[in-house]
Protein chains: 6
Amino acid sequence: MRDKNVQTFLACDAEYGAADVVLFGVPFDGTTSFRPGTRFGPSAIRGESFGIETYSPYCDRDLTDCRIFDGGDLELPFGNTQRVLELIRDSAADLLADGKRFVMLGGEHLITLGAVRAVAERFPDVHVIQFDAHTDLRKEYLGEPLSHSTVMRQVWNLLGDGRLHQFGIRSGERTEFEFAREHTCLHKFNLADFTETAAQLQGMPVYFSLDLDVLDSSAFCGTGTPEAGGVTFKELMEAVLRLHGLNIVGCDINELSPHYDHSGSSTAAACKITREILLQIAR
Amino acid sequence: MRDKNVQTFLACDAEYGAADVVLFGVPFDGTTSFRPGTRFGPSAIRGESFGIETYSPYCDRDLTDCRIFDGGDLELPFGNTQRVLELIRDSAADLLADGKRFVMLGGEHLITLGAVRAVAERFPDVHVIQFDAHTDLRKEYLGEPLSHSTVMRQVWNLLGDGRLHQFGIRSGERTEFEFAREHTCLHKFNLADFTETAAQLQGMPVYFSLDLDVLDSSAFCGTGTPEAGGVTFKELMEAVLRLHGLNIVGCDINELSPHYDHSGSSTAAACKITREILLQIAR
Amino acid sequence: MRDKNVQTFLACDAEYGAADVVLFGVPFDGTTSFRPGTRFGPSAIRGESFGIETYSPYCDRDLTDCRIFDGGDLELPFGNTQRVLELIRDSAADLLADGKRFVMLGGEHLITLGAVRAVAERFPDVHVIQFDAHTDLRKEYLGEPLSHSTVMRQVWNLLGDGRLHQFGIRSGERTEFEFAREHTCLHKFNLADFTETAAQLQGMPVYFSLDLDVLDSSAFCGTGTPEAGGVTFKELMEAVLRLHGLNIVGCDINELSPHYDHSGSSTAAACKITREILLQIAR
Amino acid sequence: MRDKNVQTFLACDAEYGAADVVLFGVPFDGTTSFRPGTRFGPSAIRGESFGIETYSPYCDRDLTDCRIFDGGDLELPFGNTQRVLELIRDSAADLLADGKRFVMLGGEHLITLGAVRAVAERFPDVHVIQFDAHTDLRKEYLGEPLSHSTVMRQVWNLLGDGRLHQFGIRSGERTEFEFAREHTCLHKFNLADFTETAAQLQGMPVYFSLDLDVLDSSAFCGTGTPEAGGVTFKELMEAVLRLHGLNIVGCDINELSPHYDHSGSSTAAACKITREILLQIAR
Amino acid sequence: MRDKNVQTFLACDAEYGAADVVLFGVPFDGTTSFRPGTRFGPSAIRGESFGIETYSPYCDRDLTDCRIFDGGDLELPFGNTQRVLELIRDSAADLLADGKRFVMLGGEHLITLGAVRAVAERFPDVHVIQFDAHTDLRKEYLGEPLSHSTVMRQVWNLLGDGRLHQFGIRSGERTEFEFAREHTCLHKFNLADFTETAAQLQGMPVYFSLDLDVLDSSAFCGTGTPEAGGVTFKELMEAVLRLHGLNIVGCDINELSPHYDHSGSSTAAACKITREILLQIAR
Amino acid sequence: MRDKNVQTFLACDAEYGAADVVLFGVPFDGTTSFRPGTRFGPSAIRGESFGIETYSPYCDRDLTDCRIFDGGDLELPFGNTQRVLELIRDSAADLLADGKRFVMLGGEHLITLGAVRAVAERFPDVHVIQFDAHTDLRKEYLGEPLSHSTVMRQVWNLLGDGRLHQFGIRSGERTEFEFAREHTCLHKFNLADFTETAAQLQGMPVYFSLDLDVLDSSAFCGTGTPEAGGVTFKELMEAVLRLHGLNIVGCDINELSPHYDHSGSSTAAACKITREILLQIAR
């Protein structure tokens, strides 16, 4: 009983130096407009990960064969959105400088912006793949340019046209869809075109942002704004397996709000997707 | 702060006189035999509607372009089923007389009978489309002819053979299915045949009754009798989009029981379907 | 069905001009550090108020005899705490200028600051009575001076020593209790001394701030940080009845977080206390 | 495995003929105006009773020493309130004719009327003791004279002045309290005077009606209208122990609504009170 | 009210002697490693079965035409796994000796072992069909050879190679999948191949073991380890209908954990599948 | 982000060697007879402890002034009760040998036996104080001598007469109460006599076992068998403060079952009591 009580995502117990991939959490939900609570996402995913297996029959790989370090959650100042994004950027930049790939667990979707800032500095030609129910392309939300519903507009500001690939989108304002038509590669309702996009992005640096509400609300009710009409877990899994050949330099998994997940099934689904993404990214 | 606190379904804030479509609630669950609670459906749908968008990427229309009046809920005497049906009939008749189409939010399915009485008086050649898990064709239920499980038999009494079109049905007594074989157009298990029916009903007055338990219980657990084996949200959405060309004179959306919907995902699905139906019906 | 769907707290349906007391909601939880959700408090209190009676056997008065206007909720910009406080201040100042007393429904406790700013301008000799589990006297919280846990320190900044009367306090940092010893009138654990304080404040303008977590967590679990060791509902009711003789110029009732109140009993308790406070304040 | 699956309340497995006391359920909530669900009360109490002990350290008696028959639930026609009351009356009358005392598990409070009809016929001098949060003395409710909120007015119609003893009352309309002042023995807020009443009723036939919402909502949240400001479980237990010397000819325990009792603690409390009442009544 | 309160699964009220099929429950979850609670499965299925119909439109048969006896639950010693398995074996053996087929309701999956022991003695050439998310082929679990995750390895010990047919499997350790490759007929992820297997097993004695977590967690969240990526209810139903021609000598339905099924939809799905299986097995 | 993610109870971050008190968890619920789930207790207490303060206004001490090491949870073999008890005994013995006092977080109550075995070896004159709703004095439970309901009988076996002090007891079999009369110091229903007992035990080695269900179910619903009629949180707190002068050599806090604690208030109460006990024991 002399050992400290170290908590990691299932089998992500490599030392930092030896690790290929680094996992960390960002418990932030400060701009959530409807039902808050994604701040509890990272600890729920970590805690419940022991209910699943380290081995994936989908890709025949095992987490115990990977070298992944779980660095816990960032400590964040409450209510200072700008500062939170800087902290995320700095953490991501450090990891990239150390030659690590990373998987960031949200939290709300705005956290993507911090990570993409770091990634776009290091990999100016990065493409961003977004799986999401929502466009997240508003210019501002109630006067605020930094928000979960403006995050991809901000990402576009960094990347420019043709570098943001949006899939599964089924909710947004009319003007957002109009914006997307001109500036992003938006694929409505499902992931059907993802194989093609994945083929096009071979060899390029790619950032992958997974808003779990891309899943149909039947498969993922544990989120602030459950969205009917989404993809099934099998469809999401199939797409995630396609990440394998890509050069994923960073990634996030966000919008689990465990207090709305009474049965635990959304958290369990998030754990399984996290395992699978780690297995695709780790070498 | 001098304005009164008016509550409407998202963006349904037209004045009555200017409105093309009228929305109203009927918080009645007096004949529910298993788990009651649909009386809380209308207020849940209204309250949670602000979690969705006014714009639909499915049909590229926006509620802000429509003229819809939300008249709140009917006030109902407890435990007097006959009187409740009369109040519904009267309200519906007034709306039709004023040249309005209406969308009625339940409550349990029996409320359809009140509305169809008004509709059938004004449009004697009306057809009724029912999406439902249950036949609702019993002659009586525990001796009572007015019940959620007899409602479509009562509707048939008003309409006669060949005018009741039932879809998604997967539950009922043997005798109900036998009755349906002779007297109604019953389509078991799914909505596959709906396109054909919709084509046949072009130009005729149509009443559309949506019992939300037509959805599979994975997509809609927030109801008194969740029924596995139903349609997916996508299948329902696709069928609802087919309503566009039809002459819908009245409509109801019923059987949401929000106290069984801990995650809020059933209520959110009901909101989205309500928006989509409004967009199909409004001009 | 031509009337708009006006929602008020039970029987608070006076016209603004005729009203003696104005009720309004502030759905803000932007600085909540643990479990968010009090943004849903005002609408829950309003919606569930119809489960209680207008008459109080405690004080033999009836809401139907009072003239109270319910102005609904303030519309607030997300994530801009400073602006939210200004909006509250402005609303409260307008009400005071119109000669109204007000009851503000939170939301988190920081909202008190906005209201006290308006009250202290108009009534420079105002005393503030706080019922709460927490001191809320931190100088800053994670670097932020505007927070639910600093609100009473900010109020003290406006009022100075001896004008802040704290009751039921059982949680805080050591330095907060040390600060209280010198600058506020802090009564730990219960409301036993309230009769005496109420007697002392006769005739003076008084602002009353009720953080519902002053209640023991057995009586009030529907809050972000349920606190065991608090007062019973009967003890709180008894103290609230003592408000009758006082010159209450403004008041707030805060920290109900209905998503943690599965049985609805916390919301029902909040409704009953709200009724009783209205009955004490209205003339 | 040849035995049928007989379900009883804990240890209530006597044969009917040998039984001194008969327990039965009435799963009726047809006139509930706010949150329905007490129809599930009897089966919840029966099912969860195996979580408690047969022995009571309060009165040093054991259910295994009693002869109690559990007759299951009455079968009731839906939505026919009048007929439900007749069925209850008939069942109770049969039991009294067979020389049994009975304990009836609700269901909503209106069921008391059926039982008191039978009791008052056989024991014209019966007194009724009511523990309740609500007066239940309305003349009608939304035009309906048979309702959970009129039940004790109906009982008074049968008994006349001075025979209805009400305890723990803290909710009702002003006119109900005025009625009580002239016609019933109403004791507000608590059970403090019950010892005295119990002493006065020695030797007389007594019917005891326990609306479990007499308990404070902290001790009993699993009910349609949880009422803060009630008695503690210990206070209720103490009063129930006072039933021992009385000539209780019939009794009911009502208003448990288990779907609002997520933790099961309300159901467990109901089980324990049921055990204790059985132990006081059985010989 | 002289009848005892017999509880059965819907319409399973035949006398034992006359019965063709016997239903019984095994409320055991003693080796559950993650979230326990399946001990409450049998009573939940029995209690909620009254929410569904006796008639199946899927196969046009009715439970009221069958002769099924519901023998209630086995009484089990706590914490003695070996003894529990013996009791199950004995019960199953008695039923087989009396010429009955049986349907056993779990409880956790380990209970299958007890039943298969009895079946394999009587029908040495029996084949076992397993629908499951998990391989359950571990040799031991934390040193323990009798566990929910070793149960099918133990079954294989009894049967040998080629007699265990596994479908829907999507979780397990790498070594389990390796074992399966050599010794069992494992079909990953879905039930697509079941038609073929069913054809092959015509005429042979078959034991059917249904772990309900074969369903996708969207369709079945009420279980200890909800597993995303499973089959839909429709797919399961289709496969169950294929059981009709087979010689099913025994069967189990396990892993419903009702306390994680807040909406009741998992329990309702379990009830419907139980009905359908009974209809396929009964003659 | 190079630091590992160490999780401790609030502020219990001393190094082992420097620590005065050691905290550890025992996630075991293998003999629970009614509703399992206390296995999740230790991690819930640890995780939610950050919702409370380090400072106690009850005793004016602060956890940040103490030297406490949190060793995480023991790893336990499933379903081998005897071995679990040995592991607990060994861990406790090691701690005592290193001169540490310990606080063990359950888990079910049987874990006390393992700890008392170690304590009684080292301190043969130890007294055991038990706060509990249940006697836990059965000789065996369904044939099993090692069970949550026999644990104190087993403790008595180790200690002999007059060394077991039981408080708050309100549930058990008649024979258990009879046994207590002769062999233990049993104080029914409350903690009123604890001051006297505490005075008597001054200077002696004492083991303190807190079954949290000693609390009334209104204050603590998050447990397998919630028991009405218990002590209030204030009464428990007052008694815990009395531990200060005693020579507590070991201690446990058990029976929190967080899945039945939807609002989190039971877990929060457990956290606060844990803090207070740590503050009394640490030097």
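Residues numbered from 1 in each chain as written. Chains lettered and ligands numbered in written order. Predicted model: local features only at pLDDT ≥ 70, side-chain atom pairs only at ≥ 80, totals over all residues. Heavy atoms only, no water.

> Could you give an account of the arrangement of the chains, with specific residues and numbers?
Separated without contact, chain C and chain E have their nearest C-alpha atoms at a distance of 11 Å. Structurally, chain B and chain F remain out of contact, their C-alpha atoms never closer than 11 Å. (Contact = heavy atoms within 4.5 Å.)

> Describe the relation of the copies chain A and chain F, listing the residues and the values that go with them.
One copy of the chain maps onto the second through a rotation about an axis and a displacement along it. Mapping chain A onto chain F leaves a residual RMSD of 0.0 Å; the transformation is a rotation of 180° accompanied by 0.0 Å of translation along its axis. As the rotation angle and translation indicate, the two copies are arranged about a two-fold axis. Minimal C-alpha separation from the rotation axis in chain A is found for Val6(A), amounting to 2.1 Å. Looking at the interface residues of chain A, 100% of them are also at the interface in chain F, so both copies use one shared face. (Least-squares fit on C-alpha atoms with pLDDT ≥ 70 in both.)

> Any chance you could break down the pairing of strand β1 (residues 21–26) of chain B for me, citing the residues and the numbers?
Residues and elements named next belong to chain B. The buried fraction of β1 is high, at six of six residues. The alternating pattern of β1 places Val21, Leu23 and Gly25 and Val22, Phe24 and Val26 on opposite faces, both of which are buried. Summarising the sheet, β1 and strand β4 (residues 68–73) pair through four bridges and their orientation is parallel. Following the sheet pairing, Gly25 is matched in β4 by Asp73. (Buried < 20%, exposed > 50% of the residue type's maximum accessible area, 1.4 Å probe, protein only. Helix = DSSP H or I, 4+ residues; strand = E, 2+ residues; numbered from the N terminus. Pairing = 2+ DSSP bridges.)

> Pulling in residues and values, what's your account of the interface of chain B and chain C?
Opposite the 24 residues of chain B that make contact, chain C presents 24 residues. Between chain B and chain C, the buried area comes to about 1,800 Å², and carbon and sulfur atoms account for 60% of it. Of all residues in chain B, Met1(B), Lys4(B) and Asn5(B) give up the largest surface area on contact with chain C, accounting jointly for 42% of the area buried on that side. On inspection of chain B and its partner chain C, the count reaches two salt bridges. Between chain B and chain C we count four residue pairs in polar contact (both at pLDDT 80 or more) in total. Among the elements of the structure, β1, β4 and α2 (81–97) of chain B are those that each provide at least two residues to the side of chain B that touches chain C. Here the side of chain B that touches chain C is composed, by residue class, of nine nonpolar, six polar and nine charged. (Buried area = accessible area lost by both parts, 1.4 Å probe. Salt bridge = Lys/Arg side-chain N within 4 Å of Asp/Glu carboxyl O. Polar contact = N/O pair within 3.5 Å; in protein donor to acceptor, adjacent residues only side chain to side chain. Nonpolar A, V, L, I, M, F, W, Y, C, P; charged D, E, K, R; others polar.)

> Give a description of the packing of aromatic side chains that names residues and reports values.
The final tally for this structure, using the stated rule, is 66 aromatic pairs over all chains. Their ring planes at 70° and their centres at 5.8 Å tell us that Phe131(D) and Phe167(D) sit as a pair that is edge-to-face. Of this pair, Phe131(D) sits in strand β6 (residues 127–131) while Phe167(D) is found in strand β7 (residues 164–169), placing the two residues 36 residues apart along the sequence. With respect to burial, Phe131(D) and Phe167(D) carry one shared label: buried. Each ring, one from Phe102(F) and one from Tyr207(F), has its centre 6.2 Å from the other, and the planes form 55°; the classification is tilted. (Phe/Tyr/Trp six-rings, centres within 6.5 Å; stacked < 30°, edge-to-face > 60°.)

> Could you give an account of the side chain of Gln154(B), naming the residues involved and the relevant values?
Residue and element names in this part refer to chain B. Among the structural elements, Gln154 can be located in helix α4 (residues 151–159). A polar contact of 3.1 Å, which involves the side chain of Gln154, links it to the backbone oxygen of Pro145. Among residues more than four places away in sequence, those in contact with Gln154 are Leu113, Pro145 and Leu146.

> Please give an account of unusual backbone geometry that cites residues and values.
With omega at 10°, the peptide bond leading from Gly106(A) into Gly107(A) counts as cis. Relative to the elements of secondary structure, Gly107(A) occurs in the loop between β5 (101–106) and α3 (111–122). At Asp136(A), a residue that is not glycine, the phi angle is positive and equals roughly 55°. By the secondary structure assignment, Asp136(A) is in the loop between β6 (127–131) and α4 (151–159). Overall, Asp136(A) belongs to the buried group, its relative accessible area being 6%. In this model, Phe189(E) sits at a positive phi of 75°, which is unusual for a non-glycine residue. Tracing the backbone through its elements, the reader meets Phe189(E) in the loop between β8 (185–188) and α6 (194–200).

> Lay out a negative patch on the surface in plain terms, naming residues and giving numbers.
A surface patch of like charges, here negative, comprises Asp60(A), Asp161(E), Glu178(E) and Glu182(E). Position of Asp60(A) among the secondary structure elements: in the loop between β2 (55–56) and β3 (61–62). What makes Asp60(A) partly exposed here is its relative accessible area of 44%. (Patch = residues over 30% accessible without salt bridge, like charges linked within 9 Å, V, L, I, M, F, W, Y side chains within 5 Å. Areas by Shrake-Rupley, 256 points an atom, 1.4 Å probe, with all protein chains shown as cover. Lys, Arg positive; Asp, Glu negative; His and termini not counted. Charge placed at Lys NZ, Arg CZ, Asp CG, Glu CD.)

> Can you tell me about the relation of the copies chain B and chain C, naming the residues and giving the values?
For these two chains of identical sequence, chain B goes onto chain C by a turn of 180° and a shift of 0.0 Å along the axis, with RMSD 0.0 Å. Taken together, the interface assignments show that 100% of the residues at the interface of chain B recur at the interface of chain C, consistent with an identical surface on both copies.

> I'd like a rundown of the sheet that holds strand β4 (residues 68–73) of chain E, residues and numbers included.
Residues and elements named next belong to chain E. With parallel pairing, eight strands are arranged side by side in an open sheet as β4-β1-β5-β10-β9-β6-β7-β8. Each of the sheet's edge strands pairs with one partner strand only, and the pair in question is β4 and β8. In this sheet, adjacent strand axes meet at a mean angle of 15° when their direction is disregarded. Of the pairings in the sheet, the one linking strand β6 (residues 127–131) to strand β7 (residues 164–169) comprises four bridges and is parallel in character. In the sheet register, Val128 faces β7, and the bridge partner there is Leu164. Helix α4 (residues 151–159) rests against β6, β7 and β9 (205–211) of the sheet, and its axis sits at about 165° to β6. (Axes fitted to C-alpha atoms, helices over the stretch in contact; angles between N-to-C directions.)

> Can you break down the packing of helix α2 (residues 81–97) of chain E against helix α3 (residues 111–122) of chain E residue by residue, with the values?
All names here are of chain E. Between α2 and α3, the least distance of the axes is 7 Å, while the angle of their chain directions is 40°. The angle between α2 and α3 places the two elements in the oblique class. Crossing hand, α2 versus α3: right-handed. Between α2 and α3, the residues in contact are Gln82, Leu85, Ile88, Arg89, Ala92, Ala93, Leu96 and Ala97 and Ile111, Leu113, Gly114, Ala115, Arg117, Ala118, Val119, Glu121 and Arg122, respectively. Counted by class, the contact of α2 with α3 contains 11 nonpolar, two polar and four charged residues. (Parallel < 35°, antiparallel > 145°, perpendicular 65-115°, else oblique. Left-handed = near helix turned anticlockwise from the far one by under 90°.)

> Just give me the short version of helix α8 (residues 265–281) of chain A, but keep the residues and values in it.
Between its first and last C-alpha, α8(A) extends 24 Å over 17 residues, near the 24 Å set by a 1.5 Å rise per residue. Among the 17 residues that make up α8(A), 17 are buried, leaving the element largely enclosed by the rest of the structure. (Expected span 1.5 Å × (residues − 1).)

> Describe the interface of chain A and chain F, listing the residues and the values that go with them.
Contacts between the two partners involve 24 residues from chain A, matched on the other side by 24 residues from chain F. In this assembly, chain A packs against chain F so that about 1,800 Å² is buried in total across both faces, 60% of it on carbon and sulfur atoms. Run the count over chain A and chain F and you get two salt bridges. The interface formed by chain A and chain F includes four residue pairs in polar contact (both at pLDDT 80 or more). Here the side of chain A that touches chain F takes five residues from strand β4 (residues 68–73) of chain A, the largest share from any one element. Across the side of chain A that touches chain F, the residue classes break down as nine nonpolar, six polar and nine charged.

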